[in-house]
Amino acid sequence: MFASLLGRLRSVVGASHVSTAPGDMSNYQYDGSADRALPQIVVLPASASEIAGVVAACNDARCPYVARGAGTGLSGGAIPEQGGVVISTARLNRILEIDVVNRLAVVEPGVVNAHISEAVKDQGLHFVPDPSSQAACTIGGNVAENAGGLHCLAYGVTAHHVLGCEVVTPQADIVWLGGKTQDAPGYDLLGVFIGSEGTLGIATKVVVKLTPLQQDRRTMLAAFPTVEQASQSVSDIIAAGILPAALEMMDQLTTQAVEEFVHAGFPTEAGAVLIVELEGLSGTLDEVAADVGDICLRNGGDIRRARDEDERHRIWLGRKSAFGAMGRLGSNYYVQDGVIPRTRLPEVVTEVVEIGRRYGLKIANVFHAGDGNLHPLIVFDDRIPGDYERVVAAGADILRACVRHGGSISGEHGIGMEKRDCMSLQYSRADLALMTRLKNVFNPGGLCNPAKIFPTSRRCGESARTHASGVLPPEVATATGPAF
Amino acid sequence: MRRNELRSLNLPIADELGKRAGTRPRVRPLDCAPYAVAGIVPKLVFSPRTLREASKTITTIAAEGASITIRGAGTKHLRPPHPYDVDVVLDSTRCSGVLEHTPADLTVTVAAGTRFAALQEALRASGQFFPSDPPFAADTTIGGMLSSRVAGALRQRYGAPRGNVLGMRVCLSDGSIAFTGARVVKSVAGYDIAKLFVGAWGTLGFIGHVTLKVAPIPREQLGIVASFARCETACDAALRLASSPLFPLATTLHDRASAHRIRALSGTEPGAHWTLIVRCGGTRAGAMRQADGVANVVKSSGSSNVDLLDADRLHFAWQDIEELAGGAMYPGSQYMCCTVASLPSQVSAVLSSLSVLFPDANCTSHPATGIVYAHLPVAGMDQSSSRTLASQLQPLLDLCERERYYLSYHAAPVGSDLRAPVSADAPILLMRRVKASLDPSGTFDPGRFMAGI
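1. Brief notes about the overall build of chain B
Next up, step 1: Along the backbone of chain B there are 14 helices and 18 strands.
Next up, step 2: For 453 residues, the compact-globule estimate of 2.2 N^0.38 gives 22 Å, and chain B sits close to it at 22 Å.
Next up, step 3: Overall, the C-alpha framework of chain B stretches about 70 × 55 × 40 Å when taken along its three principal axes.
Next up, step 4: Considering only intrachain contacts with a sequence separation of at least 6, the fraction spanning at least 24 residues in chain B is 71%.

See below:
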């Protein structure tokens, strides 16, 4: 069976674009998460019809398959847990059309996120979603994960910036969901496809919205004695009707590590630091900036404005280096991704600190505070037996706290393999049954990216790491995630 | 799917159904008449007070093999295809009220039978609003607005309502109640199935509660009204604005007949062929700069007359403008209302084609998003005029198919026998499977979505 599948795949995409070499297989066994699993075959198709051919071949051979972009995902969405075929979109990397008048672009799924904005910046446009990995991650992955980013508070996530997708369905049909024009009649299949983590089909073309660049921006850094005061400022800013383009928070452990790492100029004695970025027409930001300043001062903060582009760059470099800086605190880190109503930030942060104490783990906190999206960074040493398992258990406790406060177990990293057993924290059996119904509409055979999103027999917080040794190889252990 | 129909509805049977459903139905034709769908009076009307009651009602009705038409305020009951028969209307308006609103979280959870206007009123106290301006704003319910996927011109700045739906609690035809999405502004946990219910016209299930993302009301709002002799130049100006860093809240374009219906404009330049209205908003300084920038763009695009509307006049104007999209101002007995969606750059061509095909049409457009609302005057319907209407619309269908515009009908006079237009590339097979999976008994308005779904 394997030989016949291999032969058919070679005839679909060409022998030079099919690999079974062990070295290649090991390159495709992981993403940015801690899990990994080896595929048997990797194919690199160059068109939608080739992908349809690959899917049809897999269906006939009853072989699981999973699409993969840059592999920067943080929840195991692109890991071939059940083996089978990895379909790389690396060769589908062309920007097919840029329509400045209608503010859209048609791109292939393997196009790197940042390359779109780069291609249209001279026209005064950009593609808004800016996940931390935007220099490497691809649009296909962004669509699969409904990626967010630092600026989703004001502008929304990927779902708000995609008009349509050409999709190869698990039945190997090529269909369009949505298109260039808004309001395609019928059920909003595009809406459910985006964020379905590659379980409902493979995007082969994506129509993205382009947004005009803002004329001016103001970046401010506020330092507070405590996380509570910084959180209160966030709530007050939103309640005052101000919607900054970005509103990011870091606790003291993070800023101290970052300062040692990149010297961004963060005040290391502060309990928390808030980055506020305002955007708008030139000459109109003073009013809001003054209001933000007043709110921060009222809450005991000390605020300063980035005087020039260089200072702004250093502030953002500091924020974006937060994950990498964890190397200063320990040999490994595990990034959690939960969401809470932002007004609950102080209570939940207290709980996170308590969880760290309970498990004897150091936890640094980075927040997309405007969205209530927490990224606790749990520092550990994977060489110590049992350390990773404690980290996973602590991470699950953090998610329990998020759900208890009315939040979500993932704001932007997805469920994938990493959090599938925590889905029942947030959803009832009936809720999950509805999701199963939808999955069966698209993917009744279950071969398209199997074993993702839906709970297995494990409990939330049980280590789901699937590799045999229980120890990560050094190249994964030192950087379980993209640059920030 | 051919369904059983509720045939012998004597009072004891209705009482029995009512007991099982936990809510007493309306049964007398006189009582059911106000709930008629395109002139067809339902046999029973249930008005559950809670989602749980709705679930019991749905289970009871589905067990009888009858069909259910979900209804909010009934503002869009003239949407084609019209039903041949209506078994049960499930009236959502008693499931209403704001359940939770935390201003600093920018979220609100409401029962879907809540009127849009009531929600806006409740949010206003905190300086917030749900950023949409749908037609029938005074009456429409949140469930109705979402099910019909109507979006006003504010979509230019805030996106369509679908993007601001965070979570939803729904009841399916087997009576199961499920939650989808989240109650926070950002979540990617599991499939976003709420999106399917937006625009499903109640054919997949009953929406009980909805969590929405709200927005701060801009501190200042101003309007720019610009007159144009030619449609192309007005559309060019709209495109230039949409691609500029000005970020206006909304842009609408009106032909002479539809501009005439905007009371706040009386006296601006009533003879203008085309009127472009741009809604600006933000901080005080921001709104002023925006309005200045917009005025410069429309002047340099060749506008013959430019007026500024202050916040009060803009508000007054918008009361009419929002009603011009989707038929709210046009009596369903006299007008056929439809939407043509195209690329923004094609709006001018769409309007020009419409004026050739239907010289008496009243047209309003949201040019930045490529949407044209056309209101075609038609006579009262009998069998022959119904056929005439279908043949009159054929050139429009042909045009949309040829140019790949999306056509949809909002309202047609009672007695017309129109099917929902289907674009050639629509993934109908998948849609059929969605319907079959979520509503396997075919309980919710079978055959009234599109392509027989």
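2. Quick word on the overall build of chain A
Next up, step 1: Across its full length, chain A holds 17 helices and 19 strands.
Next up, step 2: Relative to the compact-globule value of 23 Å for 484 residues, chain A shows a C-alpha radius of gyration of 22 Å, a close match.
Next up, step 3: A principal-axis box enclosing the C-alpha atoms of chain A has dimensions of 70 × 60 × 40 Å.
Next up, step 4: Within chain A, the fraction of its 484 residues that count as buried is 60%.
Next up, step 5: Contacts in chain A between residues at least 24 apart in sequence constitute 74% of all its contacts with a sequence separation of at least 6.

3. Side note on the nonpolar core
Next up, step 1: Grouped together as the largest cluster of nonpolar side chains are 304 residues, with contacts concentrated most on V54, V208 and L274 of chain A together with L276 of chain B.
Next up, step 2: Those residues within four positions of L276 of chain B in sequence are excluded, and the remaining contacts are A226, F228, A234, A237, A238, T251, L253 and V298 of chain B.

4. As for the sheet that holds strand β3 (residues 65-68) of chain A
All names here are of chain A.
Next up, step 1: The strand order β1-β2-β4-β3 describes an open sheet built from four strands, whose pairing is mixed. What marks the edges here is a single partner per strand, and that holds for β1 (18-19) and β3.
Next up, step 2: As defined by bridge partners, β3 adjoins strand β4 (residues 85-88) across four bridges and the pair is classed as parallel. The partner of A67 across the bridge, within β4, is I87.
Next up, step 3: Running over the sheet, helix α3 (residues 48-61) touches β2 (41-43), β3 and β4 and is turned about 175° from β4.

5. Some thoughts on the pairing of strand β8 (residues 162-168) of chain A
In the case of a regular strand, side chains alternate between the two sheet surfaces.
Residue and element names in this part refer to chain A.
Next up, step 1: Most of β8 is tucked away: seven of the seven residues are buried.
Next up, step 2: In this structure, β8 lies alongside strand β9 (residues 174-178), joined through five bridges in antiparallel fashion. Note on β9: the bridge partner recorded for V167 is V175.
Next up, step 3: As consecutive antiparallel partners, β8 and β9 are separated by five residues, and within that stretch A172 has a phi angle of approximately 70°, a positive value.

6. Here we look at the packing of helix α8 (residues 227-239) of chain A against helix α10 (residues 286-298) of chain A
All names here are of chain A.
Next up, step 1: Two elements in contact, α8 and α10, have axes whose closest approach is 9 Å; the angle formed by their N-to-C orientations is 145°. As α8 runs across α10, the sense of the crossing is right-handed. Counting all contacts with α8, which are made through S233, D236 and I237, the residues of α10 involved are V292, I295 and C296.
Next up, step 2: Looking at the contact of α8 with α10, its residues break down into four nonpolar, one polar and one charged.

7. Notes on the domain arrangement of chain B
Residues and elements named next belong to chain B.
Next up, step 1: Taken as a whole, chain B is organised into domain 1 (98-216), domain 2 (220-324) and domain 3 (335-411).
Next up, step 2: A straight line from the C-alpha centre of domain 1 to that of domain 2 covers 28 Å.
Next up, step 3: At the junction of the two partners, domain 1 supplies nine residues and domain 2 supplies eleven residues.

8. Notes on the confidence of the model for chain A
Caution applies to low-pLDDT parts of the model: their predicted coordinates are not meant to be read in detail.
Next up, step 1: Per-residue confidence for chain A gives a mean pLDDT of 92; residues scoring 70 or more make up 95%.
Next up, step 2: Under a pLDDT of 50 for its full length, residues 466-484 of chain A has, in the predicted model, 38 contacts with residues more than four places off or in other chains.

9. Observations regarding the interface of chain B and chain A
Next up, step 1: On the side of chain A, 72 residues touch chain B, which itself brings 71 residues to the contact.
Next up, step 2: Breaking the side of chain B that touches chain A down by element, the ones donating at least two residues are β8 (177-181), α7 (194-197), α8 (231-242), α10 (284-300), β18 (406-411) and α14 (428-438) of chain B.
Next up, step 3: Class assignment of the residues belonging to the side of chain B that touches chain A gives a composition of 37 nonpolar, 23 polar and eleven charged.

10. Quick look at the environment of N113 of chain A
Residue and element names in this part refer to chain A.
Next up, step 1: Tracing the backbone through its elements, the reader meets N113 in helix α4 (residues 113-120).
Next up, step 2: Assessed through the 28 C-beta atoms surrounding it within 10 Å, N113 is described here as buried.
Next up, step 3: N113 sits 53 residues away from E166 along the chain, and the two C-alpha atoms are 18 Å apart.
Next up, step 4: The residues contacting N113, other than those within four sequence positions of it, are P129, P131, Q134, C137, T138, I139 and N142.

11. Thoughts on the domain arrangement of chain A
Residue and element names in this part refer to chain A.
Next up, step 1: Annotation of chain A at the domain level lists domain 1 (2-88), domain 2 (95-212), domain 3 (216-324) and domain 4 (330-477).
Next up, step 2: Placing the centre of domain 1 and that of domain 2 at their C-alpha centroids yields a distance of 22 Å.
Next up, step 3: Facing the 15 residues of domain 1 at the interface are 20 residues of domain 2.
Next up, step 4: For the side of domain 1 that touches domain 2, the secondary structure elements donating two or more residues are α3 and β3.
Next up, step 5: No other element matches the six residues that α3 contributes to the side of domain 1 that touches domain 2.
Next up, step 6: Looking at side-chain class alone, the side of domain 1 that touches domain 2 contains ten nonpolar, five polar and no charged residues.

12. Details of the sheet that holds strand β7 (residues 165-171) of chain B
Residue and element names in this part refer to chain B.
Next up, step 1: Spatial strand order, β4-β5-β9-β7-β8: five strands in an open sheet with antiparallel pairing. Only two strands of the sheet have a single neighbouring strand rather than two, namely β4 (98-102) and β8. When strand polarity is set aside, the average angle formed by the axes of neighbouring strands in this sheet is 10°.
Next up, step 2: Here four bridges tie β4 to strand β5 (residues 107-111), and the two strands are oriented antiparallel to one another. Each residue of the ladder has a partner; that of E100, found in β5, is T109.

13. Details of unusual backbone geometry
Next up, step 1: Cis geometry marks the peptide bond from P80 of chain B to P81 of chain B, where omega comes out at 0°.
Next up, step 2: Following the sequence through the fold, P81 of chain B ends up in the loop between β2 (68-71) and β3 (88-91).
Next up, step 3: Unusually for a residue other than glycine, N146 of chain A sits at a positive phi of about 50°.
Next up, step 4: One can find N146 of chain A in the loop between α5 (139-145) and α6 (152-155).
Next up, step 5: Classification of N146 of chain A by C-beta neighbours within 10 Å gives buried; the count is 24.
Next up, step 6: One non-glycine residue, A451 of chain B, lies in positive phi territory at about 50°.
Next up, step 7: Residue class for A451 of chain B comes out partly exposed when judged on the 16 C-beta atoms lying within 10 Å of it.

14. A word on the confidence of the model for chain B
Next up, step 1: Taken residue by residue, chain B gives an average pLDDT of 92. The fraction at 70 or more is 95%.
Next up, step 2: The ipTM value of the predicted complex is 0.96, and its pTM value is 0.95.

15. Thoughts on the environment of D381 of chain A
Residue and element names in this part refer to chain A.
Next up, step 1: Looking at where D381 falls in the secondary structure, it is placed in the loop between β19 (373-380) and α14 (387-404).
Next up, step 2: Measuring from C-alpha to C-alpha, the distance between D381 and N332 comes to 5.6 Å, with 49 residues separating the pair along the chain.
Next up, step 3: When neighbours within four sequence positions are excluded, D381 is seen to be in contact with G330, S331, N332 and D387.

16. Brief notes about the packing of helix α13 (residues 345-359) of chain A against α14 of chain A
Residue and element names in this part refer to chain A.
Next up, step 1: Running from amino to carboxyl end, α13 crosses α14 at an angle of 155°, the nearest separation of the two axes being 10 Å. Relative to α14, the element α13 lies roughly antiparallel. Here α13 and α14 pass one another in a crossing that is right-handed. Contact residues: V348, E351, V352, I355, G356 and Y359 in α13; R390, A393, A394, D397, I398, A401 and C402 in α14.
Next up, step 2: Grouping the amino acids of the contact of α13 with α14 by side-chain chemistry returns nine nonpolar, one polar and three charged.

Scoring rules and cut-offs
Residues numbered from 1 in each chain as written. Chains lettered and ligands numbered in written order. Predicted model: local features only at pLDDT ≥ 70, side-chain atom pairs only at ≥ 80, totals over all residues. Helix = DSSP H or I, 4+ residues; strand = E, 2+ residues; numbered from the N terminus. Rg over C-alpha atoms; globule rule 2.2 N^0.38 Å. Contact = placed C-beta atoms within 7 Å. Buried ≥ 20, exposed ≤ 12 C-beta atoms within 10 Å, placed from the backbone. Core = buried A, V, L, I, M, F, W, Y, C linked by C-beta atoms within 7 Å. Pairing = 2+ DSSP bridges. Axes fitted to C-alpha atoms, helices over the stretch in contact; angles between N-to-C directions. Left-handed = near helix turned anticlockwise from the far one by under 90°. Nonpolar A, V, L, I, M, F, W, Y, C, P; charged D, E, K, R; others polar. Domains from an automatic or database assignment. pLDDT = per-residue confidence, 0-100. Parallel < 35°, antiparallel > 145°, perpendicular 65-115°, else oblique.

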